[in-house]
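Tertiary structure, described
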4 protein chains.
Amino acid sequence: MSGGRDFMYAAVLHAPRDLRYERVPVPSPGPGEVLVRITTNGLCGSDIHFYREGKLGPFTVSKPYIPGHEACGVVVREASRPGGPPEGRRVAIEPGIPCRRCALCKSGRYNLCRDVVFMSAPPINGTFAEYAAVAADFAHPLPDSVDDESGAFVEPISVGVQACTRASLKAAGTVAVIGAGPIGLVTMLVARAFGASAVYLVDRLAGRLALGAALGTAATIDAGAGDPAARILELTGGQGVDYVFDASGSSAACSSAPALAARGGSITIIGWPEKSAFPYPVESIIEKELDIHGTNRYCNAFPRAIGLLAGGRIDVHPLVSHRFGLDRVTEAFAFAADNPAQTIKLMVRTA
Amino acid sequence: MSGGRDFMYAAVLHAPRDLRYERVPVPSPGPGEVLVRITTNGLCGSDIHFYREGKLGPFTVSKPYIPGHEACGVVVREASRPGGPPEGRRVAIEPGIPCRRCALCKSGRYNLCRDVVFMSAPPINGTFAEYAAVAADFAHPLPDSVDDESGAFVEPISVGVQACTRASLKAAGTVAVIGAGPIGLVTMLVARAFGASAVYLVDRLAGRLALGAALGTAATIDAGAGDPAARILELTGGQGVDYVFDASGSSAACSSAPALAARGGSITIIGWPEKSAFPYPVESIIEKELDIHGTNRYCNAFPRAIGLLAGGRIDVHPLVSHRFGLDRVTEAFAFAADNPAQTIKLMVRTA
Amino acid sequence: MSGGRDFMYAAVLHAPRDLRYERVPVPSPGPGEVLVRITTNGLCGSDIHFYREGKLGPFTVSKPYIPGHEACGVVVREASRPGGPPEGRRVAIEPGIPCRRCALCKSGRYNLCRDVVFMSAPPINGTFAEYAAVAADFAHPLPDSVDDESGAFVEPISVGVQACTRASLKAAGTVAVIGAGPIGLVTMLVARAFGASAVYLVDRLAGRLALGAALGTAATIDAGAGDPAARILELTGGQGVDYVFDASGSSAACSSAPALAARGGSITIIGWPEKSAFPYPVESIIEKELDIHGTNRYCNAFPRAIGLLAGGRIDVHPLVSHRFGLDRVTEAFAFAADNPAQTIKLMVRTA
Amino acid sequence: MSGGRDFMYAAVLHAPRDLRYERVPVPSPGPGEVLVRITTNGLCGSDIHFYREGKLGPFTVSKPYIPGHEACGVVVREASRPGGPPEGRRVAIEPGIPCRRCALCKSGRYNLCRDVVFMSAPPINGTFAEYAAVAADFAHPLPDSVDDESGAFVEPISVGVQACTRASLKAAGTVAVIGAGPIGLVTMLVARAFGASAVYLVDRLAGRLALGAALGTAATIDAGAGDPAARILELTGGQGVDYVFDASGSSAACSSAPALAARGGSITIIGWPEKSAFPYPVESIIEKELDIHGTNRYCNAFPRAIGLLAGGRIDVHPLVSHRFGLDRVTEAFAFAADNPAQTIKLMVRTA
């Protein structure tokens, strides 16, 4: 229960740069939903996009809403329908709820459902709040061995799990990750957990490359100091890597990926480039018989991400660069918006 | 044996538009090779490229060579090493012989071997000749139920088999093929043989679309009369197709493919576009979580193409638009070079 | 609407051999359900098991229920929730409704859901009735090109689609089907639609083998006249087949499957053997590196089965051996129970 | 070069229990072969079978031969054909050389080639010698980071890589390994390297279970102290594991595997049971829609095993239970033959 209160505190975005920490009603869970007391939120780049620009892709902030979708917490009211997590169970919240009825849902690719309701995509409220209601089967139980910060990381880890799954990453493969932001770094960790024998990390920011090196890259490549493809070929005996992941969000970096890939290799595109169409070396796809995989959020990934954490296959704590309390959430957003290069993952602790 | 003669007649390309039907030595098979008396050759678009322009991609006609790589014939001298087809056995010739030793060869993707020796890629001789020598295991036995013209079609069918295999085409899927030239039409037939429930064919040439319709398309789409994507969405209840194959060789057509694909669908690129890089709608790959597959020739496809023919799953005879004898081969090349829109597959019969 | 009546006629099984054609209430569809006026039912072997013995596997007839789960009909009342088929739309009924919430449902393998509610598994009512209520998204629209008998065949075709999908049947592969009953014959047709180059059919009943031959087998094999494995090796040049399907329901036949398979081949078991455990040649699995796949009903198969029918890839009419009206349903059950060898598929027409 | 000598010392098995350390000719490499000076050999259970019983499966010791096939060494004479490892390069020896020409070889499953020549399968000589000749492309280069004992472990690791690859083991899956002998333990390590979130190890020997626990199992299960299936269900919340590997070599243990598997799970059989056929719970395969995979040696696994070692994903040193010099090889065999339960991996160092 919500402590007898029917209101709660939340971060509400009213307009660009106008985020307020204020009282709002506690959400009322529907019949198949649990009410979760949020303990920890991670701050995602997309939250910052809405904060700074008031829009992202097809979504626009047209009325006040609560951002946030990287959260874990504790069930305080179980669902009316049996089968979900009981009161007191710690859970990670999967924020996109699909229709469960279309062909894509029934075939297991529910992330592609046209009717996904995604928490924190305006006007749908998200998790920067004391409480959130979520479908019981999208509140994934966390074992004791997974702490709250790791629980808030289940969402971005799931992005990496989806990417490595879409890539059909096989153990012992070689990997290049373009872009060493939070998603690139998580993808690197997940690729390692999938058994990659060597991961090469490409970026322009020395600090991020240094963090990657500390986390286990085989080599880091400064994209500002020469051609990354030439360096990759040098490192792989002229072959290129088996798997390229583009987490750069840059169309120029994205179109450099085929040059990094080995014959028969693959490229998985995670980061949305800033343009919808741009010059791409299509001939390389044919010549090397490459596979290009798009990846859009995740499906069936949360339990796997939790399994990787619980099994000790991934440690995300080094990615936490800053920590705030929920009452300082407006400060946290402003800091992240103004210091993108210095921020890896910023964590907001509720209690 | 080659009838006691040590010379044979062959089509020899000396320079652009300078193809001569002339006497050359009968090739001497190596220890693992069979000597094949060629009975039928199909004329491929790449042969015509060399005929017209003297070059194609990285290959240039720098000295006289014999074109042709869509051939079948009869073994007239078996290999010294046992295991190959015996004298008198009809065979289809797979023209690209890999090294058999690199990692790509050993893992089954020998078409990507860097050391493939490809018959008819200058200066390597091809099959427009009375005889050809070929590795015994690349001379694939033909059952009696597969006639010579079908045997000469095993090579282009293999291109279609490779494309549908790379696409992981599952039976009952819906398909769009862009480009109704010989490869597009063969891909349509192979997609049908793989169990596609509906194949939509896109081109600008009415004659080719009419041929496609006669071969079993669900609908043909005139790319010159409106937006093919809009028509595909109309035909598929707003979903798009599960599998797009681009056999157009046009960068504009190639970049239109993502708009035809359903969420979670795939695009397989067969035709080499005229440019190596061009604007491509990469955002769609992410949004719809598409897979893009390049396809480069074929591997392990000849026995499957023969199986499809022998099992009556494909009939290629309607694709044969013209027939010539080998002694009129220069006429055949000139005709095909000058009448691209009228020619589907031109067959050259040796005996 | 059910014509203003609140009752309907149905076949109700009270006890073994006690099937009555009687008045029962029209079912009341729930919020996500449509009401379907049934036009055609196929009679399944499992219906006959309940009719003869009153039980099958874990299910027992403990109170009167309506059998039948191979049905098509017309929507007469649409669901309250939007998105389902409208009134007047012809549909095939997928009879097993899963929970939609467990990990197996969400990953696309909903047939393995522990909470599937399966129509006609006692005490759940089935489709041998004038009306049935079913989840709107499990009432699959039929195009006009699929007639009612074909519509009633969508369920058994889906069993074949599931089997061929579980087998990852690739076009041009060779196939042996053990057991030429309705499921074996349907699997043969589906394997052909998936592009099998040759299907060999094994049974002991001459009539069924003759039907198989008429439907396109490459060869039929009389299991009573010699060792089927020896014959398969003879027919495949000593290799064995790529894919074996066991639809025999016999443990002896089931354990003969590995001997029919080629090295690297697979075996898919559809028919429930009469024993739960029996001697199996496990060493062959290792030596030939075989894959054995179990298959249990179907998931995501109905739309594919409909696509194969609509695309003209399968014609099931030759499998219909007998036809009855619903008012003669008791006669139909008695006939099928007493003449198993003479019955392939018995159809019951409602209107 | 072999130091100017034309003879070498080797372990030669003349008859059961009659192993002699004696002078034999240095092998003469063929045109595509390198000569390798062996530095380290692992002792395999199959070597011990021949030592104790003089036969194993289809192979019998009918004349003296050299056992051993888990070896690494240094190239002392490169192949006449270019492309292989140069003189001085450390290599791991893949002992089974296929024909390279059959359909199985060309499609990448060369381990299933009917004409594999396998070193140490009598009468073919193996690697318990100072020198061995091997096809240049089956002498796999070792980076400096992989020491000699690890190099000698590449062969058994490859067995584990093949098993996990055949199982399509996906990261975050749960695993049970039946049998904690060397292959079971290696499979556990490889499963961990592939990203398994939890590996449960089943055996009857406390010492082996303790070693497994030290190597990272989630739990060990004493098969002598209750039903392993019941314990697995308890550990997995009633689900069973996603992947079972049977490395027991026991038909009783092998047939217990389906009870350990989750619905939709798989079983991979590595260990050759002592009987060729035995009672197996086939019904479970259908009910749970399981996949059973046989696994026979390995293909394309050596480079991956080396990658896992080089990338620090596997440490095999804890599996080395005993070390001998080559001059004490007869003592090593006798010890292993007489102390099976005490021996995990026994290493024989040449120099």
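Our structure's up above, just so we're on the same page.
Residues numbered from 1 in each chain as written. Chains lettered and ligands numbered in written order. Predicted model: local features only at pLDDT ≥ 70, side-chain atom pairs only at ≥ 80, totals over all residues. Heavy atoms only, no water.

**Section: the pairing of strand β12 (residues 174–178) of chain D**
Residues and elements named next belong to chain D. Across the five residues of β12, five count as buried, placing the element largely inside the fold. Side chains Thr174, Ala176 and Ile178 of β12 all project onto a buried face; the interleaved residues Val175 and Val177 project onto the opposite face, where all are buried too. Bridge count for β12 against strand β13 (residues 198–203) is five bridges, and the pairing is parallel. Residue pairing for β13: Thr174 is matched across the bridge by Ala198. As a crossover connection, the stretch from β12 through helix α5 (residues 182–193) into β13 is right-handed. (Buried < 20%, exposed > 50% of the residue type's maximum accessible area, 1.4 Å probe, protein only. Helix = DSSP H or I, 4+ residues; strand = E, 2+ residues; numbered from the N terminus. Pairing = 2+ DSSP bridges. Right-handed = clockwise from strand over helix to strand, strands pointing away.)

**Observations regarding the interface of chain D and chain B**
Counting residues at the interface gives 13 residues for chain D and 13 residues for chain B. Carbon and sulfur atoms make up 41% of the area that chain D and chain B hide from each other, which totals about 1100 Å². It is Arg100, Arg101 and Lys106 of chain D that lose the most area in chain D upon contact with chain B, and together they represent 55% of the buried surface on that side. Between chain D and chain B we count two salt bridges in total. One salt bridge in this structure joins Asp137 of chain B and Lys106 of chain D, with 3.4 Å as the shortest N-O distance. There are seven residue pairs in polar contact (both at pLDDT 80 or more) connecting chain D and chain B. Sort the elements by how many residues they give to the side of chain D that touches chain B and helix α2 (residues 103–106) of chain D lands first, with three residues. Here the side of chain D that touches chain B is composed, by residue class, of four nonpolar, four polar and five charged. (Contact = heavy atoms within 4.5 Å. Buried area = accessible area lost by both parts, 1.4 Å probe. Salt bridge = Lys/Arg side-chain N within 4 Å of Asp/Glu carboxyl O. Polar contact = N/O pair within 3.5 Å; in protein donor to acceptor, adjacent residues only side chain to side chain. Nonpolar A, V, L, I, M, F, W, Y, C, P; charged D, E, K, R; others polar.)

**A closer look at the relation of the copies chain D and chain B**
The two copies are related by a screw motion: chain D maps onto chain B through a turn of 180° and a shift of 0.0 Å along the axis, at an RMSD of 0.0 Å. Put plainly, the chains are arranged around a two-fold axis. Nearest to the rotation axis, the C-alpha of Gly108 of chain D is located 1.9 Å from it, this being the minimum over chain D. Both copies share a contact surface, since 100% of the interface residues of chain D are interface residues in chain B too. (Least-squares fit on C-alpha atoms with pLDDT ≥ 70 in both.)

**Some remarks on the relation of the copies chain A and chain B**
By a simple turn and slide, chain A fits onto chain B: the slide is 0.0 Å along the axis, the RMSD is 0.0 Å, and the turn is 180°. Most of the interface of chain A is mirrored in chain B, where 100% of its interface residues are also at the interface.

**Digging into the packing of helix α4 (residues 154–166) of chain D against helix α11 (residues 302–310) of chain D**
All names here are of chain D. At a minimum axis separation of 8 Å, α4 and α11 run at an interaxial angle of 105°. Comparing the axis directions of α4 and α11 gives the class roughly perpendicular. Side by side, α4 and α11 meet where Val154, Glu155, Ile157, Ser158, Val161 and Thr165 of the first sit next to Phe302, Arg304, Ala305, Ile306, Leu308 and Leu309 of the second. Split into classes, the residues belonging to the contact of α4 with α11 amount to eight nonpolar, two polar and two charged. (Axes fitted to C-alpha atoms, helices over the stretch in contact; angles between N-to-C directions. Parallel < 35°, antiparallel > 145°, perpendicular 65-115°, else oblique.)

**Side note on the interface of chain A and chain B**
With 38 residues of chain A at the contact, the number on the chain B side is 38 residues. Summed over both sides, the interface between chain A and chain B buries roughly 3200 Å², with carbon and sulfur atoms accounting for 55% of that surface. The largest per-residue losses of area from chain A upon contact with chain B belong to Arg263, Ile286 and Glu289 of chain A, which jointly make up 24% of the total buried on that side. The interface formed by chain A and chain B holds four salt bridges in total. Among the salt bridges present, the one from Asp291 of chain B reaches Arg166 of chain A, with a minimum N-O distance of 2.8 Å. Taken together, the links from chain A to chain B amount to 33 residue pairs in polar contact (both at pLDDT 80 or more). Mapped onto the side of chain A that touches chain B, the elements with two or more residues apiece are α4 (154–166), β16 (261–269), β17 (278–280), α10 (282–287) and β18 (291–294) of chain A. At five residues, α10 of chain A tops the list of elements feeding residues into the side of chain A that touches chain B. For the side of chain A that touches chain B, a count of residues per class yields 18 nonpolar, eleven polar and nine charged.

**A closer look at the sheet that holds strand β15 (residues 241–246) of chain C**
Pairing within the open sheet is mixed, and its twelve strands lie in the order β14(C)-β13(C)-β12(C)-β15(C)-β16(C)-β18(C)-β18(D)-β16(D)-β15(D)-β12(D)-β13(D)-β14(D). At either end of the open sheet lies a strand with only one pairing partner, and these are β14 (219–222) of chain C together with β14 (219–222) of chain D. Strand-to-strand, the axes of this sheet are offset by a mean angle of 15°, without reference to chain direction. Note: β13 of chain D against β14 of chain D, four bridges, orientation parallel. Paired with Tyr200 of chain D across the two strands is Ala219 of chain D, which belongs to β14 of chain D. Against the sheet, α5 of chain D makes contact with β12, β13 and β15 (241–246) of chain D, and its axis sits at roughly 170° relative to β13 of chain D, the strand it touches most.

**Thoughts on the environment of Thr350 of chain C**
Residues and elements named next belong to chain C. With respect to the secondary-structure elements, Thr350 resides in the segment after β20 (345–349). C-alpha separation for the pair Thr350 and Arg304, spaced 46 residues apart in sequence, amounts to 25 Å. Apart from residues lying up to four places away in sequence, Thr350 is in contact with Ile38, Thr39, Thr40, Ala129, Glu130 and Leu326. A distance of 3.1 Å separates the side chain of Thr350 from the backbone oxygen of Ile38, its partner in a polar contact.

**Overview of helix α1 (residues 45–53) of chain A**
Residues and elements named next belong to chain A. Along α1, the positions that sit buried rather than exposed are Ser46, Asp47, Ile48, Phe50 and Tyr51. Structurally, α1 contributes buried residues whose contacts are with β1 (7–15), β2 (18–25), β3 (33–43), β4 (55–56), β5 (59–60) and α12 (329–338). Looking one or two residues past α1, Gly54 carries a phi angle of roughly 75°, positive in sign.

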